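Residue strings, one per chain:
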Amino acid sequence: MSAVSLLLNVFWIVFGGLWMAVAWGIAAVVMAITIIGLPWTRAAFNIAIYTLLPFGQKAVSRADYTGVKDVGTGLLGDLGNLVWLVLAGCGLRSGISSSQLS
C-alpha cells in the first residue's frame, strides 16, 4: 500500500469509514440470520471490508481472478435482482417501504 493510500485510509476511518464498515457488518449478520437475506450475506461482508479500507484496493472480475464464471452474473443473479427490485427497489424509488406496499 502506498503512503498516499495509507494516509487516505486513515482519514477515511477517522471521519466515518469505520462506522460505515461496522454498519455493513451488522447488516451482513442480520442477513445471515434471515433466510431470505442469506444469499446476499457474503456480498455485504465484502462491501464491509472494502468500505473499511477503500483506497489502494482494486476490483477485478471473479472470472479473471479464479477462472470460474460467477454464479451471480447469470440467471440466478438476474432472479436475485428482480426479487430485490420488487421487495425493496420500488419502495426506495417512491419513498415508501415494502411493508407499506401490502
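This text goes with the structure placed above it.
Owing to the predicted nature of the structure, the values given are computational and were not obtained by experimental measurement.

Criteria and cut-off values
- Residues numbered from 1 in each chain as written.
- Predicted model: local features only at pLDDT ≥ 70, side-chain atom pairs only at ≥ 80, totals over all residues.
- Heavy atoms only, no water.
- Phe/Tyr/Trp six-rings, centres within 6.5 Å; stacked < 30°, edge-to-face > 60°.
- Helix = DSSP H or I, 4+ residues; strand = E, 2+ residues; numbered from the N terminus.
- Buried < 20%, exposed > 50% of the residue type's maximum accessible area, 1.4 Å probe, protein only.
- Expected span 1.5 Å × (residues − 1).
- Arc of directions from axis to C-beta.
- Contact = heavy atoms within 4.5 Å.

Here we come to the packing of aromatic side chains. Each aromatic ring pair is specified by the distance between its two centres and by the angle formed by the two planes. According to the stated counting rule, one finds two aromatic pairs in the structure shown. Seen in terms of ring centroids, Phe 11 and Phe 15 are 6.3 Å apart; in terms of plane orientation they differ by 35°. Their pairing is tilted. Here the residue Phe 11 and the residue Phe 15 both occupy positions in helix H1 (residues 3-33), the gap between them amounting to four residues, near one helical turn. Look at Phe 15 and you get exposed, because its relative accessible area is 69%. Taken together, a centroid distance of 6.3 Å and an interplanar angle of 80° make the contact between Trp 12 and Phe 55 edge-to-face. Taken together, the residues Trp 12 in helix H1 and Phe 55 in the loop between helix H2 (41-52) and helix H3 (62-66) connect sequence positions 43 residues apart.

This part takes up H2. An ideal rise of 1.5 Å per residue puts 16 Å on twelve residues; H2 measures up with 17 Å between its terminal C-alpha atoms. Of all the residues in H2, the buried ones are Thr 41, Ala 44, Ala 48 and Thr 51. Down the axis of H2, the smallest arc covering the buried residues is 85°, so these residues share one side. Facing away from the buried side of H2 by over 90 degrees, the exposed positions are Arg 42 and Ile 49. For H2, the elements touching its buried residues are H1.

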